[in-house]
Each structure stands twice: as structure tokens, then as C-alpha cells.
Amino acid sequence: MNYVFSDRIAGLQASAIREILKFTAFPDVISFAAGNPAQEAFPIDDVSRISNELLSKNPILALQYNITEGYTPLRDLLKVMMAEKNCFSDNDELIITAGAQQGMELACKVLCNEGDTLICEAPSFIGSLNAFKSYNVNLVGVELEDDGINLEKLEVALKANTNTKVLYLIPNFQNPTGNTMSLEKRKAVYNLSKKYNFIIIEDNPYGELRFAGEDVPSIKSLDADGRVIYVGSFSKILAPGLRVGYVSAPKEIIQKMVVCKQVSDVHTNIWAQAICEGFLQTCDLDAHLHRLRAVYERKCKIMLGEMDKYFSKKIKYTKPQGGLFIWATLPEGSNMLEFCKRAVEEYKVAVVPGTAFMVSENDKTNSFRLNFSTPTDEKIVKGCEILGRMTREMLD
Ligand SMILES: Cc1ncc(COP(=O)(O)O)c(C=O)c1O
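Residues numbered from 1 in each chain as written. Predicted model: local features only at pLDDT ≥ 70, side-chain atom pairs only at ≥ 80, totals over all residues. Heavy atoms only, no water.

J.: Residues and numbers for the sheet that holds strand β11 (residues 325-329), please.
T.: Spatial ordering of the open sheet is given by β10-β11-β14-β13, a layout of 4 strands whose pairing is antiparallel. The open sheet is flanked by β10 (316-317) and β13 (352-353), the only strands paired with a single partner. As defined by bridge partners, β13 adjoins strand β14 (residues 367-371) across 2 bridges and the pair is classed as antiparallel. By the bridge assignment, Pro 353 is partnered in β14 with Phe 368. (Pairing = 2+ DSSP bridges. Helix = DSSP H or I, 4+ residues; strand = E, 2+ residues; numbered from the N terminus.)

The structure is reproduced here in C-alpha cells:
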């Protein structure tokens, strides 16, 4: 059979980078390529207790259909939590989604027509970029700097693309760079959204994982006229396998997202939603987050310390204040893809080539992503020593 697929998905291709990532499954490879929470970050006893109680005391709730907007007690709790952070106002509504990923997909679906421009940071989170691409938007990447998107280049892109509907940003501990956007830039992009009349999607799955520096107010908290869609997630603070995320946005937008979610998956897994609600109700979230931050602070410190010790000084890298990732950059003229390929094939250490996070894999970057949350402390030390030796052999 010769299958003819829709034009809509014609541009979505299995990535060439998978060739590198497939090595990460080999047992002798140390992988810095994942983005999973640390094993010790999962509150297994609490989740098991909450799930057991739910199934013994309220099984029908866990197993029955529920409403598309999401489990009401969980939504009510999140509305209060979001309101405390000025991320939920009287004009807003909140929908529970199947992870933050679905939040991005629904936001694009309800706002963008084919050909509308959606601007993102370059590099950015590939899951969102693929969701946007599946709606055939004109995806435009604008250079990301240490303190957030380059404002001059953003304005150039806005002038060049007068049909810009959405700006997608990950302001805290960005995936893949680990960078955090300054308050000045958050205010500036919000002002640009008024001047050029576009919506901002603020994706914040890592915001609670700050282990250094001071919290920066969200863009949503600056929003006075309903221009910001805020997307949150339980993936990095509780468990990604639950697939529970949420979107706080103006009521009109959420109403449309509800209709679209109805045709997509009816509602997010209610069992998982009730576990999230049970966790918020019966566990000490602050103490849990405190513990997570300590785990990631330790792991990040170990990785940066080992990189300082072993890496060629010609490699530059970010010093994240939270989240799960470090972004390393090879000197001008290096062949980054070849570097990542050799690292995994010959030295048995996997990192993700930066091109995986660009709007097009043909966009140039000399950078690669390292993850410090998934490998054990011992593997971080060993992997950095090996990778460091490779960088010195290649560059010094
Ligand atoms: C920036 C960013 N947004 C969204 C997601 C998707 O998260 P979720 O598991 O909630 O769908 C991820 C996952 O890694 C991410 O890094």
C-alpha cells in the first residue's frame, strides 16, 4: 500500500539527531542527553498512598469519565496557587491538559491559521516547535541571549512578519539553554505584544526548580489586558508519567481550548489528576520542592565543577540558576555534529546536538545540551571526565 499522508504533517520528520540519540539506550553509554527528573525526585510513597486511598475510597471517581476542563478540586487549588503568583485573574479560566505539551498544542490550534507567524526563541523546546509546525505556521526563531530573547532581532522579526500571532517563550531555566529571562526583557516583550498585537505563550515547567538567585515575576503577572497564556506542569515537580499540565489564560481562549480538547482526548486522565490534587492537599509541597531544589542544585554543581576541571577552556557553558540543563558552546569553526557523534560513538558519552532545538535542523549552532538531572552523581563525574578529555584532545 502506498500511503499518502496529509500536507499538514509533511514537514514533520524523524530527526537525524535520533541517529545519535539511539546510542543512549546502550548500557555502556553515559547519557547526558535525557531531560527526565532524577530518580530520587519522585515522591513514590506519597503517590502510592494517595492512589491506594483513591481506589479504595473513591474508585468510581478515578475510573469514570470527567469534564474536559479538568477535575474541579484540582482546578480550584491551582486557581488559588496561580492567583497567589498573579497568574490567574477574574478574567481568566484554567484547563487541565495532558502535560504542558498539550497546552502548547491547543494554544497554537485555537489561535493560529496556516501561514500565521509564530515566533520562538532559537534554540527552544523541540516538543513545542513540532506541535507548532504540525499546524503549518510560519515558525520564526529569534536568537536567545543569556538574559532572554534578543529584543532588537525580535522587533526586526515582528516588522518583517506583520501576521505574527504568537510569541512562544520559556522564561525560566529555558530548555535547552538553562537561561533565565531578565525582568527588563519580560516587561519589554510584554510591551511589544501590545505594540504589535500578539499573544505570548509563557511556558514555565521549570519555574519551581530555582536553586540559586532570585525569582523573577512571570510575564503573566504583568499582563493587564489578556495577552498572556501561562502553561504549567506537574511533570518536573511530581512525575511526568502522570501527564498532568495546566493552562491559565483569558476565559475566551480557554473556552476554545476546551472544545478542541474534547475532540482530542475528552479529558486528561482523571486518576492522575486526582493524584495531583491529593498530593497538593495532603503533602507539604514547599518541603517537597525544597528537597527537589537541593537535589538539582547538587547535581548541577557537580556537573559544572567537573566541566570546570576537565573541559577545554575553549568551551563556554551556561551556569543555570535552576532547571535541568546546561548549554555548552564549542569555539567558532568547530563541527558540532561531528563532535556529538564522536562523543557517543567513540567516547560513549551522549549529549544532544544543538541543532535539535533549532527551528530547522539546518540552522547553524555550535552548541550542545547536557542534562544533569537524570544521570547519577557518579555518572556525571565519570562522563564529564571522559568528555573533558575528548574536548582537550580535540581543541587544545
Ligand atoms: C520547556 C518545556 N515545555 C514543555 C515540556 C513538556 O512537559 P510536559 O511533560 O508537561 O508535557 C517540556 C518537557 O521537557 C519542556 O522542557
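J.: Just give me the short version of a positive patch on the surface, but keep the residues and values in it.
T.: Together, Lys 313, Lys 316, Lys 319, Arg 389 and Arg 392 line one region of the surface with positive charge. Inspection of the secondary structure assignment puts Lys 313 in the loop between α11 (285-310) and β10. You can call Lys 313 exposed: its relative accessible area is 59%. (Patch = residues over 30% accessible without salt bridge, like charges linked within 9 Å, V, L, I, M, F, W, Y side chains within 5 Å. Areas by Shrake-Rupley, 256 points an atom, 1.4 Å probe, with all protein chains shown as cover. Salt bridge = Lys/Arg side-chain N within 4 Å of Asp/Glu carboxyl O. Lys, Arg positive; Asp, Glu negative; His and termini not counted. Charge placed at Lys NZ, Arg CZ, Asp CG, Glu CD. Buried < 20%, exposed > 50% of the residue type's maximum accessible area, 1.4 Å probe, protein only.)

J.: How would you summarise the site of the ligand if you had to cite specific residues and measurements?
T.: Close contacts around the ligand come from 14 residues, with Ala 100, Asp 203, Tyr 206, Ser 233 and Ser 235 the closest. Separating an oxygen atom of the ligand from a side-chain N or O atom of Asn 175 is a distance of 2.8 Å. Lys 236 places a side-chain nitrogen or oxygen 2.7 Å from an oxygen atom of the ligand. Taken by itself the ligand offers 390 Å² of open surface, and the protein chains cover 91% of this. At 4 residues, the largest contribution of residues to the shell around the ligand is made by helix α5 (residues 99-111). Taken together, the residues of the shell around the ligand break down into 6 nonpolar, 5 polar and 3 charged. (Near = heavy atom within 4 Å. Polar contact = N/O pair within 3.5 Å; in protein donor to acceptor, adjacent residues only side chain to side chain. Nonpolar A, V, L, I, M, F, W, Y, C, P; charged D, E, K, R; others polar.)

J.: Outline the sheet that holds strand β9 (residues 245-250), supporting the account with residue identities and numerical values.
T.: The mixed open sheet is built from 8 strands, whose spatial order is β2-β9-β8-β7-β6-β3-β4-β5. Two strands in the sheet have a free side with no partner beyond their single neighbour: β2 (92-97) and β5 (148-149). In terms of strand pairing, strand β3 (residues 117-122) meets strand β4 (residues 138-145) through 6 bridges, oriented parallel. In the strand pairing of β4, Leu 118 is matched with Leu 139. Set on the sheet, helix α4 (residues 72-84) makes contact with β2, β8 (228-233) and β9; between it and β2 the angle comes to about 125 degrees. Contacts between α5 and the sheet are confined to β2, β3, β6 (164-169), β7 (199-203), β8 and β9, with β8 contributing the most and set at about 160 degrees to the helix. (Contact = heavy atoms within 4.5 Å. Axes fitted to C-alpha atoms, helices over the stretch in contact; angles between N-to-C directions.)

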